[in-house]
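Chain residues, written in single-letter form:
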Amino acid sequence: MSDSDKGRVAGKVAIVTGGSSGIGRATAELLAAEGAAVLVTDVAVESGQAVVEGINAAGGKAAFLHHDVADEAQWEAAFARAAEFGPVSILFNNAGVRTETTPLENVTLADWQAHMAINMDGVFLGIKHGIRAMKQSGGAIVNTSSIYGIAGASMIGAYSASKGGVRTLTKAAAMECTSLRYPIRINSVHPGFIETGMLDTVVEEFGESFIKKRMISATPLGRIGEARDIAEGVLYLVADSGKFVTGVELPIDGGFLAR
Ligand SMILES: NC(=O)c1ccc[n+]([C@@H]2O[C@H](COP(=O)([O-])OP(=O)(O)OC[C@H]3O[C@@H](n4cnc5c(N)ncnc54)[C@H](O)[C@@H]3O)[C@@H](O)[C@H]2O)c1
């Protein structure tokens, strides 16, 4: 069997944050199916362990670690655990929250800071420790931003700001790695409306038919996306297919941002 028969990321070691559900779960499963050993990390333990059991039962290689991305010591533990599989060369900085649907004039400082702690500090810490781990042997980092890291929308100012920060931090980190001659590529993905737990919370708040109709009508391809749609983009960026791609923002949004 040649290496390419074994999968597009065969033999590589990946960390996927927020891997217990949604986009992280789909990406962990796809990377494992394409031959990577995957450390699935999340604060949600039971569902994360179930993801890992599913991967291992399907013949893949995965482990779970409880990991709050806002905590730097836990990042050190995550890289140490993943290194038990071998040198880490893929990091998907994906964990994120969206808790507000609030006009900016009513957003509490605590809510603002909670978004920044997970969505921005978490990605910063992942990039920091990812660079340390990969600067000799090389690798690829993908950060999950959002269509709302590029376009504005009302009532989600803190979320949007955190995702906009992820977008520009990605480009700054990508340029820094090229200037320091570190063999690390860093890109961001920008999901549109994707069927996951995060979307479910919005649906619960506003009612299924109202919100889904609005999301579908705002999406030129006329449907809500699947987590697997994002996972395929991440695989493209971290595998050899993306070897000339760095500092890119990749919308996977059914055309939302093209209007
Ligand atoms: N679903 C969408 O429509 C959509 C659109 C744009 C961007 N995104 C982004 O995609 C990413 C994944 O979200 P999803 O849609 O799969 O939602 P999800 O809620 O299914 O998954 C998010 C995961 O992150 C985990 N998490 C939350 N806080 C954490 C922390 N402090 N440390 C570690 N893990 C933590 C959650 O437990 C959960 O498993 C997020 O960054 C989100 O902002 C989602």
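Residues numbered from 1 in each chain as written. Predicted model: local features only at pLDDT ≥ 70, side-chain atom pairs only at ≥ 80, totals over all residues.

Draft legend 1. Inspection of the overall build of the protein chain at higher detail. The helix and strand tally for the protein chain stands at nine helices and seven strands. For a compact globule of 259 residues, the expected C-alpha radius of gyration is about 18 Å, and the protein chain comes in at 18 Å, within 12% of that figure. Taken along its principal axes, the extent of the C-alpha atoms in the protein chain is 50 × 35 × 35 Å. Long-range contacts, defined here as pairs at least 24 residues apart, represent 74% of the contacts in the protein chain between residues at least 6 apart. (Helix = DSSP H or I, 4+ residues; strand = E, 2+ residues; numbered from the N terminus. Rg over C-alpha atoms; globule rule 2.2 N^0.38 Å. Contact = placed C-beta atoms within 7 Å.)

Draft legend 2. Quick look at the site of the ligand. Around the ligand, the surrounding shell holds 29 residues, and the nearest of these are Gly-18, Gly-22, Gly-96, Thr-196 and Gly-197. Those elements that place two or more of their residues in the shell around the ligand are helix H2 (22-33) and helix H7 (197-206). Grouping the amino acids of the shell around the ligand by side-chain chemistry returns 13 nonpolar, 13 polar and three charged. (Near = placed C-beta within 6 Å. Nonpolar A, V, L, I, M, F, W, Y, C, P; charged D, E, K, R; others polar.)

Draft legend 3. Summary view of unusual backbone geometry. Although it is not a glycine, Met-155 adopts a positive phi angle of roughly 75°. Mapping Met-155 onto the fold places it in the loop between strand S5 (139-144) and helix H6 (157-179). Backbone geometry places Arg-181, a non-glycine residue, at a positive phi of 60°. Here Arg-181 falls in the exposed class, since 7 other C-beta atoms lie within 10 Å of it. (Buried ≥ 20, exposed ≤ 12 C-beta atoms within 10 Å, placed from the backbone.)

Draft legend 4. Examining the pairing of strand S4 (residues 88-93) more closely. A large share of S4 lies buried, amounting to six of its six residues. Pairing of strand S1 (residues 13-17) with S4, which is carried by four bridges, proceeds in the parallel orientation. Residue Val-16 lies in a different strand from S4, and its bridge partner there is Phe-92. Taken together, the four bridges between S4 and S5 define a ladder with parallel strand orientation. Counterpart to Phe-92 in the pairing with S5 is Val-142. Handedness of the S4-helix H5 (residues 109-134)-S5 crossover: right-handed. (Pairing = 2+ DSSP bridges. Right-handed = clockwise from strand over helix to strand, strands pointing away.)

Draft legend 5. Structural context of the environment of Arg-98. Considering the arrangement of structural elements, one finds Arg-98 in the loop between S4 and H5. Separated by 15 residues in sequence, Arg-98 and Gln-113 have C-alpha atoms that sit 12 Å apart. The contact partners of Arg-98, leaving out residues within four places of it in the chain, are Ile-156, Tyr-159 and Met-198.

Draft legend 6. Spotlight on the sheet that holds strand S2 (residues 37-42). If you walk across this open sheet you meet the seven strands as S3-S2-S1-S4-S5-S6-S7, and the pairing is parallel. Edge positions in the sheet fall to strand S3 (61-66) and strand S7 (249-252), since each of these pairs with one other strand and no more. Sheet twist, expressed as the average angle between the axes of neighbouring strands with direction ignored, equals 20°. Contacting S1, S2, S3, S4, S5 and strand S6 (184-191), H2 crosses the sheet at an angle of about 170° to S1. Where H6 meets the sheet, it contacts S5, S6 and S7, and its direction lies at approximately 165° from that of S6. (Axes fitted to C-alpha atoms, helices over the stretch in contact; angles between N-to-C directions.)

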